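Spelled out from the first residue to the last, the chains are:
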Amino acid sequence: MTKAELCKKISAKTGCDAQTILAVVESLMVEVKESLEKGENVYLRGFGSFIVKQRAEKTTRNISKNTTIIIPAHNIPAFKPSKELVKLVNKLED
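Thresholds applied
Residues numbered from 1 in each chain as written. Predicted model: local features only at pLDDT ≥ 70, side-chain atom pairs only at ≥ 80, totals over all residues. Heavy atoms only, no water. UniProt positions renumbered as here; feature names shortened; annotations may be inferred. Domains from an automatic or database assignment. Patch = residues over 30% accessible without salt bridge, like charges linked within 9 Å, V, L, I, M, F, W, Y side chains within 5 Å. Areas by Shrake-Rupley, 256 points an atom, 1.4 Å probe, with all protein chains shown as cover. Salt bridge = Lys/Arg side-chain N within 4 Å of Asp/Glu carboxyl O. Lys, Arg positive; Asp, Glu negative; His and termini not counted. Charge placed at Lys NZ, Arg CZ, Asp CG, Glu CD. Helix = DSSP H or I, 4+ residues; strand = E, 2+ residues; numbered from the N terminus.

The name an unreviewed UniProt entry gives the protein is DNA-binding protein HU, with Phocaeicola vulgatus as the organism. Under the UniProt heading Sequence similarities (unreviewed entry), the entry covering the protein gives this text: "Belongs to the bacterial histone-like protein family."

Structural data, given as structure tokens:
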């Protein structure tokens, strides 16, 4: 599902116009990005958490050039689904 499709579905369910819904969805995404940029996690009960994970420094090998590369420690964004969301998705397998 794309952002446009999501906005259309929300618009149909709420009765609000699609432009308003698009603005709300965009604002949500901007706020999540800004919070993660500051190192703050975002918790949405019943849905999941947008978190910042810290990766340790590691050493890898470039096989083609036969060299060692050191990848420095860095942060990455991640999503951790709630238990409720995991249960809903797992019902699809049954």
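On we go from here.
**Student:** Could you clarify how one ought to interpret the domain arrangement of the protein in this entry?
**Tutor:** Interfaces are often sized by the accessible area lost when the parts come together. With domains assigned, the protein is organised as domain 1 (1-38) and domain 2 (41-93). Distance between the C-alpha centres of domain 1 and domain 2: 24 Å.

**Student:** Sorry, what's going on with a positive patch on the surface here?
**Tutor:** Taken together, the side chains of Lys53, Arg55, Lys58, Lys80, Lys83, Lys87 and Lys91 make up a positively charged region of the molecular surface. Among the secondary structure elements, those contributing two or more residues to the positive patch are strand S2 (48-55) and helix H3 (83-90).

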